[in-house]
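Architecture at a glance
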Amino acid sequence: MIPTLGESVRLVAICGSDPEKCPFVVRASWMSTERSFQVKKMIDIHKCVRNFNNSSLMDPTWLARKFVNELIRKPNLKCKEMQGELLTAIGRDANNQVYHIAWAVVDVENKNNWKWFLDLVNDDLGLQGFVEASKDILPYVEHRQCARHIYANFRKVYSGVEFRNMFWAAAKSTTEGDFNFNMERITKISYDAYDHLMARELTSWCRAYFSTSLAFEAVENGIAECFNAIIVDARKKPLLTTLEEIRLYMMERAFNLKQEAENWVGEVCPSAVTKMEKFGEDIKSWYAVPSGVNEYEVRNVFQNYGVDLKEKSCACRLWELSGLPCVHAQVAILYTNQDPVNFISSWFSKNNYKATYDQNILPVNGSNLWEETSYTKPLPPIERRMPGRTSVKRRRHVSENQDKYS
């Protein structure tokens, strides 16, 4: 409401919960010369209990009239944040990018819901007997923990830059000798810190104890957070809308990634080549001494490692762990006038990458073309009220805020 020139308007706002007992009041007058309201008096003290019953005034008609113009301008206007938990099965493609295998919404994350989810994945992928067989197989499957989470617990007691650097040096050690050397450095500062780390299962967070058959040397697992970042906006919408937006994003992403691969030069994924080049940053400080047809001793001033080009192995173990030639392997390969790219594992080939995205997500017709079924319509999970205000942004793990004092 904007009064005409010379018109006198006074507004009074009082507490709607208990106007007789609550002293809250705001009085304002229209200033015609300034074309605005001026607050003349305000008592911003409430002595009442908040009343939620007035929300009934905002019926669908009022909401439609209030937001119709904004919805036209902004179709993606956000609703109440989706309640429930999103379960996901995620892997990595040949270009070291996130590959989403499956996702589902449940009311709460627990064992029963995870079993239901894995049963569906099992059926969809045609892994007959997988769930039953996993009881016997899983004890022998390599299980890894995110070293960032282990460091977060370690940091609660043993903080500081020195502890942080020594922890990551130990976690990223590729040989048992390097690991022991880095752990001995920790004992010189604190035996308790050493005992704290040694009490953890070494095969789950240190490269020196990883198996060498996966072409995957990462000690951190941040790929799930990539998915969370993608659905920040989608998860604030109604359940079906949320799942539709995720489906559309995945469908378009798979198409774009496959199209992008057509422009790649060579037969190896570019991220693998980039990573290999990073391994060889200090390649000029190493030189190769031939031993046999495919065997070399690669040395610098302080260290030396045996390399076998036929077996695609190096004593430092990084080649076997990552599937990419380490700096020592690159020195030996270049000594033979060959290209290190040709020695990259087939896991990272462009053909394998394109095969990953051969099975596209099929388009879905609009609801006006859907057939009627007898199934119960899906509903949002029952809302579980958690203490405190709902957080929208992803809460960073304590180990992600590594400033100079961490």
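Structural data are supplied above this passage.
Residues numbered from 1 in each chain as written. Predicted model: local features only at pLDDT ≥ 70, side-chain atom pairs only at ≥ 80, totals over all residues. Heavy atoms only, no water.

Here we look at the overall build of the protein chain
What the protein chain contains, in helices and strands, is 13 helices and nine strands. A buried classification covers 32% of the 406 residues belonging to the protein chain. By sequence separation, contacts in the protein chain at least 24 residues apart represent 58% of the contacts at least 6 residues apart. Summing over all exposed atoms, the protein chain offers an accessible surface of approximately 27400 Å²; the carbon and sulfur share of this is 53%. (Helix = DSSP H or I, 4+ residues; strand = E, 2+ residues; numbered from the N terminus. Buried < 20%, exposed > 50% of the residue type's maximum accessible area, 1.4 Å probe, protein only. Contact = heavy atoms within 4.5 Å. Areas by Shrake-Rupley, 256 points an atom, 1.4 Å probe, with all protein chains shown as cover.)

Structural notes on the sheet that holds strand β8 (residues 304–308)
Across the sheet, which stays open at both edges, the four strands sit in the order β6-β7-β8-β9 with antiparallel pairing between neighbours. For this open sheet the edge positions go to β6 (287–290) and β9 (313–314), each flanked by a neighbour on one side alone. Bridge count for β8 against β9 is two bridges, and the pairing is antiparallel. By the bridge assignment for β9, Val 307 is matched with Cys 314. (Pairing = 2+ DSSP bridges.)

Notes on the pattern of salt bridges
Applying the stated criterion to the full structure yields seven salt bridges. A salt bridge links Lys 115 to Asp 119; its shortest N-O distance comes to 3.2 Å. With Lys 115 and Asp 119 both in helix α2 (residues 111–125), this residue pair falls four residues apart, about one helical turn. On the basis of relative accessible area, Asp 119 is assigned to the partly exposed category, the value being 24%. The residue Lys 354 makes a salt bridge to Glu 262 at a minimum N-O spacing of 3.2 Å. Here Lys 354, found in helix α13 (residues 350–356), pairs with Glu 262, found in the loop between α9 (239–261) and α10 (270–279); they are 92 residues apart in sequence, far enough to count as distant. The exposure class assigned to Glu 262 is partly exposed, which follows from its relative accessible area of 44%. (Salt bridge = Lys/Arg side-chain N within 4 Å of Asp/Glu carboxyl O.)

Here's the deal with the sheet that holds strand β1 (residues 10–14)
The three strands lie next to each other as β1-β2-β3, forming an open sheet whose pairing is antiparallel. With one partner strand each, in any of the chains shown, β1 and β3 (36–43) form the two edges of the open sheet. Each strand axis lies, on average, 20° off the axis of its neighbour in the sheet, ignoring direction. Examined bridge by bridge, β1 and strand β2 (residues 25–31) share five bridges and lie antiparallel to one another. If you follow Ile 14 over to β2, its bridge partner there is Val 25. (Axes fitted to C-alpha atoms, helices over the stretch in contact; angles between N-to-C directions.)

Description of the packing of helix α5 (residues 161–171) against helix α6 (residues 176–187)
Remark: α5 packs on α6, axes separated minimally by 8 Å, with the N-to-C direction vectors making an angle of 160°. What the angle tells us is that α5 and α6 run roughly antiparallel. With respect to the hand of their crossing, α5 and α6 are arranged in left-handed fashion. Contacts between α5 and α6 involve Phe 163, Met 166, Ala 169 and Ala 170 from the former and Phe 179, Asn 182, Met 183, Arg 185 and Ile 186 from the latter. A class-by-class count of the residues in the contact of α5 with α6 yields seven nonpolar, one polar and one charged. (Parallel < 35°, antiparallel > 145°, perpendicular 65-115°, else oblique. Left-handed = near helix turned anticlockwise from the far one by under 90°. Nonpolar A, V, L, I, M, F, W, Y, C, P; charged D, E, K, R; others polar.)

Some thoughts on the environment of Cys 146
In this fold, Cys 146 is placed in the loop between α3 (130–137) and α4 (147–157). Since its relative accessible area comes to 11%, Cys 146 is described here as buried. As for Cys 146 and Cys 206, which are separated by 60 residues in sequence, their C-alpha atoms are 9.8 Å apart.

Quick notes on the pairing of strand β5 (residues 98–106)
As paired strands, strand β4 (residues 85–92) and β5 are joined by eight bridges and run antiparallel to one another. Among the inter-strand pairings, Leu 87 is bridged to a residue of β5, identified as Ala 104. Between β4 and β5, which pair antiparallel and follow one another directly, the connecting turn spans five residues, one of which, Asn 96, has a positive phi of 65°.

So, the pairing of β8
Across five bridges, strand β7 (residues 295–299) lies against β8 in antiparallel orientation. Within the sheet, the bridge partner assigned to Glu 297 lies in β8 and is Gly 306. Between the antiparallel neighbours β7 and β8 lie four residues. A loop of four residues connects β8 with β9, the two strands running antiparallel in sequence, and Lys 312 in this loop sits at a positive phi of about 55°.

Let's talk about the packing of α4 against helix α7 (residues 191–198)
Viewed as axis vectors pointing N to C, α4 and α7 meet at an angle of 150°, and their least axial separation amounts to 11 Å. Taken together, the axes of α4 and α7 lie roughly antiparallel to each other. The interaxial crossing formed by α4 with α7 has right-handed handedness. Where α4 abuts α7, its residues Ile 150, Asn 153 and Phe 154 lie against Ala 193, His 196 and Leu 197. For the contact of α4 with α7, the residue count by class is four nonpolar, two polar and no charged.

Section: the nonpolar core
Among the nonpolar cores identified, the biggest contains 27 residues, and Val 307, Leu 309, Trp 319 and Ile 344 are the most heavily contacted of them. Within the residue set of this core, elements represented by two or more residues are α10, β7, β8, α11 (318–322) and α12 (327–335). At five residues, the largest contribution of residues to this core is made by α12. Sequence-distant contacts of Ile 344, defined by excluding residues within four places in its chain, comprise Val 268, Ala 272, Val 273, Met 276, Gly 323, Leu 324 and Pro 325. Counting residues in hydrophobic clusters, the runner-up holds 23 residues, among them Tyr 151, Phe 163, Phe 167 and Phe 210. (Core = buried A, V, L, I, M, F, W, Y, C linked by side-chain atoms within 4.5 Å.)

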